[in-house]
Amino acid sequence: MASPDAPARVAVLGAGSWGTTFAKVLADAGSDVVLWARRPEVAEEINRDRVNSGYLPGIALPPGLRATDDAVAAMHGADAVVLAVPSQTLRENLAGWQPLLPPDATLVSLAKGVELSTLKRMSEVVSEVADVGMDQVAVVSGPNLAKEIAAEQPTATVVACNDHDRAVALQHACSTPYFRPYTNTDLVGIELAGACKNVIALACGMAVGLGYGHNTMSSLITRGLAETTRLGVALGAEPMTFAGLAGLGDLVATCMSPLSRNRTFGERLGRGETLAQAQEAAHGQVAEGVKSCSSIRQLAARNGVEMPITDIVHRVCHEGLAPGPAAVELLGRQHKAE
């Protein structure tokens, strides 16, 4: 059951696979949860059949989870509002919801990315658009593949917030026998790790598509972690954050699992498909890393940080560089100490 200091009523805005899964976690932990779905038929199916067949087929949703397509009803009286929409649409969605937000509610971002137009992290976008202090914004990040968590396979995650007490309250609200949250106050590190791992997963997917094996994957993961850490430290993050669940943990899960949209998308590119073909195969959805690679690359350039894997992924996705020559270019870089 949820702790007394945990949010009693939580609104989750976005009924995709991760939004629905996190809503299930909150309900299983004892919170009263309302899940907002853009499409009325999704909300109706959840309330009627206790499933979201379009995103989590075969997963029974708990009685403590209700759904609606009415954002006003979803947020009424909420102690916490969870934002479960893609990173590049967060600003637009939140601008519409801003007048409905309960004044003191904790605002929780599940999105992993860096905004293209501003190069801001998701918590910065939330703080700006919702017109609240950063202490009121939290993020959840870690090795959190939605389908595994929905099936109640054990995992851990990180709840990060500048306000430690707020992080602890949210930790209590999402703690279940299968979902173990830890707290952290390093928002910069947690968010950059979550954004960058999608880009490295694209590179790992390309390597698999090209027919490379575990040595190549391990090398990309390790060097990807190194360039992510360089960027994070340059922006004020704690180096040890990148060795934790939201850093290395999330990176390994996203790079290694066929359930990862970014890894699968990259694999299609590695096999020679175009960006449009890979997107079509993903039912029109673009992997987050395809867009974030450009904003992260710009952020790195602005801060004088070298990120060769991110640069290569951007050039494959947006400048027509083929994955094969990209791999050759990466391996042909000047030798140096690790």
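The structure we're discussing is the one just above.
No experiment lies behind these values; they were computed from the predicted model shown. (Residues numbered from 1 in each chain as written. Predicted model: local features only at pLDDT ≥ 70, side-chain atom pairs only at ≥ 80, totals over all residues. Heavy atoms only, no water.)

A. Region of the structure containing the overall build of the chain. A count of helical and extended segments in the chain gives 15 helices and eight strands. Relative to the compact-globule value of 20 Å for 338 residues, the chain shows a C-alpha radius of gyration of 19 Å, a close match. Along the first, second and third principal axes, the C-alpha set of the chain runs to 55 × 40 × 35 Å. Put simply, the chain has 338 residues, and 55% of those count as buried. Counting only contacts in the chain whose residues sit at least 6 apart along the sequence, the fraction spanning at least 24 positions is 71%. Carbon and sulfur atoms make up 53% of the accessible area of the chain, which amounts to about 14,100 Å² in all. One way to put it: in the chain the 27 positive side-chain charges average out to a point 5 Å from where the 35 negative ones average out. (Helix = DSSP H or I, 4+ residues; strand = E, 2+ residues; numbered from the N terminus. Rg over C-alpha atoms; globule rule 2.2 N^0.38 Å. Buried < 20%, exposed > 50% of the residue type's maximum accessible area, 1.4 Å probe, protein only. Contact = heavy atoms within 4.5 Å. Areas by Shrake-Rupley, 256 points an atom, 1.4 Å probe, with all protein chains shown as cover. Lys, Arg positive; Asp, Glu negative; His and termini not counted. Charge placed at Lys NZ, Arg CZ, Asp CG, Glu CD.)

B. A look at the state of the cysteines. Within the structure shown, the criterion is met by zero disulfides. For the unlinked cysteine cysteine 255, the closest cysteine sulfur is that of cysteine 204, found at 3.7 Å. Residue classification places cysteine 255 among the buried positions, given a relative accessible area of 0%. Left unpaired, cysteine 293 is separated from the closest cysteine sulfur, that of cysteine 317, by 4.7 Å. (Disulfide = S-S within 2.5 Å.)

C. Fine view of empty space enclosed by the protein. Enumeration over the complete set of coordinates arrives at two cavities of 30 Å³ or more. One number sums up the size of the largest cavity: a volume of about 60 Å³. Lining the largest cavity are Ser109, Ala111, Lys112, Gly113, Met122, Val139, Val140, Ser141, Ile190, Glu191 and Gly194. Every element with two or more residues in the lining of the largest cavity is listed here: β6 (137-141) and α8 (187-209). Here the lining of the largest cavity is composed, by residue class, of five nonpolar, four polar and two charged. Forming the boundary of the second largest cavity are Ala193, Cys196, Lys197, Leu225, Thr228, Phe242, Gly247 and Leu251. Of all elements in the fold, only α8, α9 (214-234) and α10 (245-256) reach the threshold of two or more residues within the lining of the second largest cavity. (1 Å grid on protein atoms, 1.4 Å probe; cavity = no way out; pocket = protein on both sides within 12 Å on 5 of 7 lines; lining within 4 Å. Points joined across faces, edges and corners; volume = space filled by probe spheres on them. Nonpolar A, V, L, I, M, F, W, Y, C, P; charged D, E, K, R; others polar.)

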